[in-house]
Amino acid sequence: MKVKYNNCGNNTFHDEIVNHVLEIKARIYAVKNIPAKICDRCEAKFFSPETYDAVYKMNYNPKSPNKKIEAELLEFS
Ligand SMILES: [Zn+2]
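One structure accompanies this document, and this report is about it. (Residues numbered from 1 in each chain as written. Predicted model: local features only at pLDDT ≥ 70, side-chain atom pairs only at ≥ 80, totals over all residues. Heavy atoms only, no water.)

Moving on, we get to the overall build of the protein. If you tally the helices and strands in the protein, you get one helix and three strands. Taken from N to C terminus, the helices and strands of the protein fall in the order β-β-β-α. Residue burial in the protein is summarised as follows: out of 77 residues, 26% are buried. When the accessible surface of the protein is totalled, it reaches about 6,800 Å², and 50% of it is carbon and sulfur. (Helix = DSSP H or I, 4+ residues; strand = E, 2+ residues; numbered from the N terminus. Buried < 20%, exposed > 50% of the residue type's maximum accessible area, 1.4 Å probe, protein only. Areas by Shrake-Rupley, 256 points an atom, 1.4 Å probe, with all protein chains shown as cover.)

See the structure below:
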């Protein structure tokens, strides 16, 4: 996968399975085990367009969760 927009200017990435947290309409979803490309320099996380669509579609039209988890919510202030 070629990554076009990498802020740090680095062009080498490695594959990693990551978790991602999204907030849609005041609901927070944690999505686990997503394949991603990670920037070798700054650790920025990129998804392929297909993966990105799948992740975000899942949240606009959430299927029943695989599991409910308890989480701590911290507000930066
Ligand atoms: Zn980077």
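From this point, the narrative continues.
In this section: the coordination of the zinc ion. Ideal donor angles around a metal are set by the shape: a four-donor tetrahedron calls for 109.5 degrees, a six-donor octahedron for 90 or 180 degrees. The protein atoms that coordinate the zinc ion are Cys 8 (SG), Cys 39 (SG) and Cys 42 (SG), at distances of 2.1 to 2.3 Å. The motif formed by the donor residues of the zinc ion, counted along the single chain, is C-x30-C-x2-C. You can see Cys 8 sitting in the segment before strand 1 (13–24) and its partner Cys 42 sitting in the loop between strand 2 (27–39) and strand 3 (45–46), a full 34 residues away along the chain. Taking the relative accessible area as the measure of exposure, Cys 42 reaches 37% and is therefore partly exposed. (Donors = N, O, S within 2.8 Å, 3.2 Å for Na, K, Ca; no water.)

Among the secondary structure elements, Asn 10 is positioned in the segment before strand 1. When its relative accessible area of 12% is taken as the criterion, Asn 10 is described as buried. Of note is the side chain of Asn 10, whose polar atom sits 3.1 Å from the backbone oxygen of Thr 12. Leave out the neighbours within four places in its chain, and Asn 10 touches Cys 39, Asp 40 and Arg 41. (Polar contact = N/O pair within 3.5 Å; in protein donor to acceptor, adjacent residues only side chain to side chain. Contact = heavy atoms within 4.5 Å.)

The next thing to look at is the side chain of Ser 48. When you line up the elements, Ser 48 lands in the loop between strand 3 and helix 1 (49–60). Of the polar contacts made by the side chain of Ser 48, one reaches the side chain of Thr 51; its length is 2.8 Å.

Through backbone hydrogen bonds, the strands of a sheet pair up, either in parallel or in antiparallel fashion. The three strands lie next to each other as 1-2-3, forming an open sheet whose pairing is antiparallel. If you trace the sheet from one side to the other, it starts and ends with strand 1 and strand 3, each paired once. Summarising the sheet, strand 1 and strand 2 pair through eleven bridges and their orientation is antiparallel. Across the sheet, Val 18 pairs through a bridge with Ile 34, a residue of strand 2. (Pairing = 2+ DSSP bridges.)

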